[in-house]
Amino acid sequence: MEIARTVADLRRRVADWRKGDARVGLMPTMGALHQGHIALVRAAQAECDRIAASIFVNPKQFAPTEDLGSYPRREAADLEMLQSAGTDLVFIPGVGEMYPPEFTTLVQVSGLTEGLCGAHRAGHFDGVTTVVAKLLIQALPDAAYFGEKDYQQLRVVRRLVRDLDIPVHIVGVPTVREADGLALSSRNAYLSIEERRIAPNLARVLRSIASAVAQQPSAVARELAHGVRELRDAGFAIDYLEIREEETLKPVTAKATARSRVFGAVWLGKTRLIDNIPIG
Ligand code: AMP
């Protein structure tokens, strides 16, 4: 497995692959890898000849009050996981390589970024779209892989590549969960034993809303109100609990369809957890 720390190095290696007509897949990550990330590698391996992962804790997608400083960084363990999964190349740029001092560009997707996490994390999606646009232009992969765990991010990235005509196929990968239903996340490492015990209730409540609303599509308001009570009783503070259309992310307030999803973002102490479950 090769490691590139500069854009020039990344481009040289990908260009070598292209001489042999390889189909190239890219998985952008912030490291502290787990089996959710490895599912992206597997999805890429099924469709691509060469696989590159990036590890970059992107300061632009953290608000000043958020956990940039404490975000887990485990480069050696990440490299081992990627190597044993069969990744060909890992791009690990420093902050100065991605954002030299004279950097002043911001890539912004409107509309899709306004609700859900966008409403609670100021500037978050501008940071995401700026770094993803850079990574896609730097690596120019044939396909790039993103988890449904961050469903709003997946939709925003799809919009970004369409709007900017970036010739990359965006692939969504289903959420990988612990046996008790908790969606894998690098931030799960922050949870105390007691918080870890409570955490699976997020997925449980989302799932129970999804199945109730699948049975009775007009019960959106009642089921969401019930879900809010359940989450609070379990010990979460709630950022949002909503049903939205998958494609447009428009709120569903009256009648859900098979193309709707339940989205939740909650806090357990200082840890923010997000998850989403399809209704169809
Ligand atoms: P992150 O390192 O948290 O920025 O995530 C990198 C990529 O992995 C994103 O596309 C995430 O959506 C995806 N991802 C994170 N957790 C999971 C999971 N539990 N299942 C599937 N994909 C995931």
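Here is what the cut-offs are and how they apply
- Chains are numbered independently. Their residues run from 1 in the order of the written sequence.
- Local features in a predicted model are, by the rule used here, given only for residues with pLDDT of at least 70; side-chain atom pairs are given and counted only at 80 or more, and totals for whole chains, interfaces and linings are based on all residues.
- Excluded from the side-chain calculations are hydrogens and water; all other atoms, namely the structure's heavy atoms, are used.
- Just to be clear on terms, a salt bridge is a Lys or Arg side-chain nitrogen sitting within 4 Å of an Asp or Glu carboxyl oxygen.
- Here's how the labels work: a residue is buried when its accessible area is under 20% of the maximum for its type, exposed when over 50%, partly exposed in between, all with a 1.4 Å probe on protein chains only.
- Elements are defined by DSSP. Helices are runs of H or I of four residues or more, strands are runs of E of two residues or more, and each kind is numbered from the N terminus.
- To estimate the expected span of a helix, count its residues, drop one, and scale the result by 1.5 Å.
- We call two residues in contact whenever any of their non-hydrogen atoms come within 4.5 Å of each other.
- Throughout, an axis means a line fitted to C-alpha atoms (over the contacting stretch in the case of helices), and angles, computed between N-to-C directions, take values from 0 to 180 degrees.
- For classification purposes, an angle smaller than 35 degrees is called roughly parallel, one larger than 145 roughly antiparallel, one from 65 to 115 roughly perpendicular, and anything else oblique.

Student: Before we go on, may I ask you to explain the pattern of salt bridges in this structure?
Tutor: Side-chain pairing between opposite charges can occur once the charged atoms of the two side chains come close. Under the criterion given, the structure shown has 22 salt bridges. Its salt-bridge partner being Arg244, residue Glu242 comes within 2.8 Å of it at the nearest N-O pair. Taking the relative accessible area as the measure of exposure, Arg244 reaches 11% and is therefore buried. For Glu246, the salt bridge goes to Arg261, with nearest N and O atoms at 3.0 Å. In this pair, Glu246 is assigned in the loop between strand E7 (237-245) and strand E8 (260-268) and Arg261 in strand E8, connecting sequence segments 15 residues apart. The buried category is assigned to Arg261, whose relative accessible area is 6%.

Student: How do you make sense of helix H2 (residues 35-47) when you look at a structure like this?
Tutor: Counting along an α-helix, one turn takes 3.6 residues, and residues three or four places apart therefore face a common direction. Between its first and last C-alpha atoms H2 spans 19 Å; for 13 residues at 1.5 Å apiece the expected length is 18 Å, and the two agree. All buried positions along H2 are accounted for by Gly36, His37, Ile38, Ala39, Leu40, Val41, Ala43 and Ala44. Looking at the packing, one finds that the buried side of H2 touches strand E2 (24-29), strand E3 (50-55), helix H3 (75-85), strand E5 (143-147) and strand E6 (169-173).

Student: I'm lost on the packing of helix H1 (residues 7-19) against helix H6 (residues 124-139) in this one. Help?
Tutor: Helix-helix packing: each pair is described by the crossing angle between the helix axes and the interaxial distance. It is the contact of H1 with H6, at a shortest axis distance of 8 Å, that shows an interaxial angle of 45°. Comparing their axes, H6 and H1 come out oblique. Side by side, H1 and H6 meet where Val7, Leu10, Arg11 and Val14 of the first sit next to Ile137, Gln138 and Ala139 of the second.

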